[in-house]
Amino acid sequence: MKPWLTLLAGALLMAAAPAQELPVPVRQALLASRLPADSLAVWIGPLEVGSPQRLSWREHEPHNPASLAKLATTWAALEQLGPAWHWRTPVWIQGKLDPQSGELHGDVVLAGRGDPSLVLEHLWLLLRRLQQQGVRSVQGDFVLDNRAFEPDLATAADFDGEPWRPGNVRPDALLFNFKSWTLHIQPDPARQVAWLSTDLPMPLSQDRVPLRAGACSDPRGTLRLNWRTQPPRPAEATPMRLDGHWPSACGEHRWPLADPDPNTYNHRLLAALWRELGGRLKGRVRDGWAPVAQAPTFEWSSPSLAEVVRDVNKHSNNLMAEQLALTLALQSGLEPVGVEAARSSLQRWLQRRLGWKDGDFVWDRASGLSRHTRLSARQLAELLQVAWTSPVMPEFVASLPRAGEDGTLARDPARFGAVIGRAHLKTGSLRDVQAMAGYVQGRSGRRYVLVALLQHPQAGQGQPVLEALLRWTYED
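Residues numbered from 1 in each chain as written. Predicted model: local features only at pLDDT ≥ 70, side-chain atom pairs only at ≥ 80, totals over all residues. Heavy atoms only, no water.

**Looking at the nonpolar core**
Across soluble globular proteins, nonpolar side chains show a tendency to be buried alongside one another.
So, point 1. Core analysis: the largest hydrophobic core is formed by 61 residues, its most contacted members being W75, L305, L350, F396, Y439 and V451.
So, point 2. If we ignore the near neighbours within four places in the chain, the residues touching W75 are W349, R353, L354, L383, V386, A387, S390, V392 and F396.
So, point 3. Residues V138, L211, L242 and V285 belong to the second largest nonpolar core, which totals 42 residues. (Core = buried A, V, L, I, M, F, W, Y, C linked by side-chain atoms within 4.5 Å. Buried < 20%, exposed > 50% of the residue type's maximum accessible area, 1.4 Å probe, protein only. Contact = heavy atoms within 4.5 Å.)

This is the structure we're talking about:
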């Protein structure tokens with residue numbers, strides 16, 4: 001055999017043979033991060049199902065995938081509903097409308113169907129659509145019907161004791177603006193204060209905090225949020241107070257926060273937006289039932305599912321993922337639906353689509369915000385390989401963050417080096433989990449599936465390990 005053929009054959013054999021040991025850069029990264037090798041599970045291989053892997057390490061060990069669970073949720077939604085599918089929120093104008101004065105002697109009713117995209121600007125446009133129907137003054141009430149989802153007895157504090165995190169907000173069939181708002185912190189060195197304001201009419205107990213010199217290692221660490229929860233009150237929110245100071249080195253900052261009174265959030269926001277649009281309301285905003293036997297006056301249509309899935313994966317939005325799972329159960333004919341119905345629906349779909357059996361995996365929350373979900377690196381790799389063959393593959397892959405360019409992978413792009421823009425990857429993290437999975441285009445131009453799961457009390461130190469695996473995958 002000619003020498004070059006011998007070299008080529010040897011290279012092909014090496015590529016086809018699964019590695020039994022972790023590459024040296026990965027072992028070095030584990031050592032530097034003070035993490036044991038058995039905290040890591042890896043599967044790296046070609047896109048084709050059944051092809052020999054390039055690297056496997058504890059591939060069958062069950063791990064908590066954290067937000068990698070969103071890979072299953074979003075793929076299932078795209079396949080079951082289609083990328084062009086839309087949520088539709090019906091609106092009824094009930095009563096007698098005076099076309100001259102714009103006075104409606106009756107109620108306006110909105111019924112939620114799980115749309116996770118009714119953010120501030122979309123809700124504003126929905127109310128403008130109502131005004132285009134001639135309504136300027138509502139003599140009755142705004143009635144909100146969210147009965148498509150079962151009442152959720154859980155709270156935003158249940159998972160990690162941090163109810164102010166927008167990702168901990170509980171699902172709602174009629175979800176306005178993620179039941180969250182943004183605190184704007186603006187330093188004023190001349191007065192030695194940092195001014196506080198909000199993007200929505202949500203009350204604070206103060207308009208400033210002291211501004212002090214200091215490093216900005218943790219922009220929010222020097223401020224303490226005194227979270228107060230009180231029984232729901234339909235007309236007002238619970239004021240919040242911040243103690244501590246703001247480091248001058250941190251500059252201007254925007255801090256997204258969940259609302260402390262989620263049960264009244266929709267009422268307050270809708271009333272405030274209607275007033276800002278020049279609308280008048282004689283009655284109030286209240287919960288009630290929609291006249292589902294009647295055709296709605298109009299329907300608000302969400303962005304396409306492909307656009308919503310992109311937001312879910314690019315920004316790892318927990319609440320949107322939970323809304324997706326509940327929507328899938330709702331579309332199957334169940335109503336009202338709850339968390340357990342959503343969990344069971346997705347679990348059954350994964351079993352049918354991938355051939356997984358009971359006992360092979362543990363499926364819990366669609367967002368990955370769970371301590372119970374267990375998947376192996378091999379199972380996640382199989383999911384990604386099968387998804388690559390799916391008709392919705394282009395929309396699914398495009399929803400994943402691009403290395404060093406957008407979403408959860410946009411920060412500190414220099415750490416990706418030559419891999420910038422050459423990988424579509426979902427990340428996941430919990431207190432004891434760091435994870436990464438997706439598609440990587442190697443230096444040769446060939447694409448690979450990469451799955452890496454770290455589970456350890458100090459997993460938060462393991463980002464260099466995942467990056468070493470990513471670079472190794474690229475250097476094919």
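After that view, the rundown keeps rolling.
**Describing the sheet that holds strand β12 (residues 246-247)**
So, point 1. Taking strand neighbours across the sheet as the criterion, the five strands line up as β12-β9-β8-β7-β13 in an open arrangement whose pairing is mixed. With one partner strand each, in any of the chains shown, β12 and β13 (253-258) form the two edges of the open sheet. (Pairing = 2+ DSSP bridges. Helix = DSSP H or I, 4+ residues; strand = E, 2+ residues; numbered from the N terminus.)

**Some details on the side chain of D172**
So, point 1. Topologically, D172 is positioned in the loop between β6 (142-145) and β7 (180-188).
So, point 2. A distance of 2.7 Å separates a polar atom in the side chain of D172 from a polar atom in the side chain of K179.
So, point 3. Contact partners of D172, with chain neighbours within four places excluded, come to N146, F149, K179, N266 and Q323. (Polar contact = N/O pair within 3.5 Å; in protein donor to acceptor, adjacent residues only side chain to side chain.)

**Focus: the state of the cysteines**
So, point 1. In this structure the tally under the stated criterion is one disulfide.
So, point 2. Put simply, C216 and C250 are joined by a disulfide, and their sulfur atoms are 2.1 Å apart. Judged by the torsion about the S-S bond (110 degrees), the C216/C250 disulfide is right-handed. Taken together, the residues C216 in the loop between β9 (208-212) and β10 (223-226) and C250 in the loop between β12 and β13 connect sequence positions 34 residues apart.
So, point 3. Note on C216: relative accessible area 31%, which makes it partly exposed.
So, point 4. A residue is classified by how much of its surface remains accessible, and C250, at 14% relative accessible area, is buried. (Disulfide = S-S within 2.5 Å.)

**Some points on the sheet that holds strand β17 (residues 423-430)**
So, point 1. Spatial strand order, β2-β1-β19-β18-β17: five strands in an open sheet with antiparallel pairing. The open sheet has two free edges, formed respectively by β2 (55-57) and β17, since each of these has just one partner strand. In this sheet, neighbouring strand axes are inclined to one another by 10 degrees on average, regardless of whether the strands run parallel or antiparallel.
So, point 2. Pairing geometry for strand β1 (residues 40-46) and strand β19 (residues 447-455), over seven bridges, is antiparallel. When the sheet's bridge partners are listed, V42 is paired in β19 with A452.
So, point 3. The strands that helix α9 (residues 377-388) touches are β1, β18 (433-441) and β19; relative to β19, the one it contacts most, it runs at about 150 degrees. (Axes fitted to C-alpha atoms, helices over the stretch in contact; angles between N-to-C directions.)

**Side note on unusual backbone geometry**
So, point 1. A cis amide bond, omega -5 degrees, links E335 with the succeeding residue P336.
So, point 2. Looking at the secondary structure, you find P336 in the loop between α7 (318-331) and α8 (339-354).
So, point 3. For K179, which is not a glycine, the phi torsion comes out positive at approximately 50 degrees.
So, point 4. Inspection of the secondary structure puts K179 in the loop between β6 and β7.
So, point 5. When its relative accessible area of 8% is taken as the criterion, K179 is described as buried.

**Thoughts on the pattern of salt bridges**
So, point 1. One pass over the structure, following the stated rule, counts 24 salt bridges.
So, point 2. The closest approach of N and O atoms between K179 and D172, which form a salt bridge, is 2.7 Å.
So, point 3. D172 gets classed as buried once you look at its relative accessible area, which sits at 9%. (Salt bridge = Lys/Arg side-chain N within 4 Å of Asp/Glu carboxyl O.)

**With respect to the packing of aromatic side chains**
So, point 1. What the rule picks out here adds up to five aromatic pairs.
So, point 2. Look at W388 and Y439: their rings are 5.1 Å apart centre to centre, the planes differ by 50 degrees, and that puts the pair in the tilted class. Residue W388 is located in helix α9, and its partner Y439 is located in strand β18; the two are separated by 51 residues in the primary sequence.
So, point 3. Judged by its relative accessible area of 23%, W388 is partly exposed.
So, point 4. Of note, R54 hangs over the ring of Y448, and the distance from its end group to the ring centre comes to 4.6 Å.
So, point 5. Just above the ring of W472 sits the side chain of R54; from NZ or CZ to the centre is 4.4 Å. (Phe/Tyr/Trp six-rings, centres within 6.5 Å; stacked < 30°, edge-to-face > 60°. Lys NZ or Arg CZ within 6 Å of the ring centre and 35° of its normal.)

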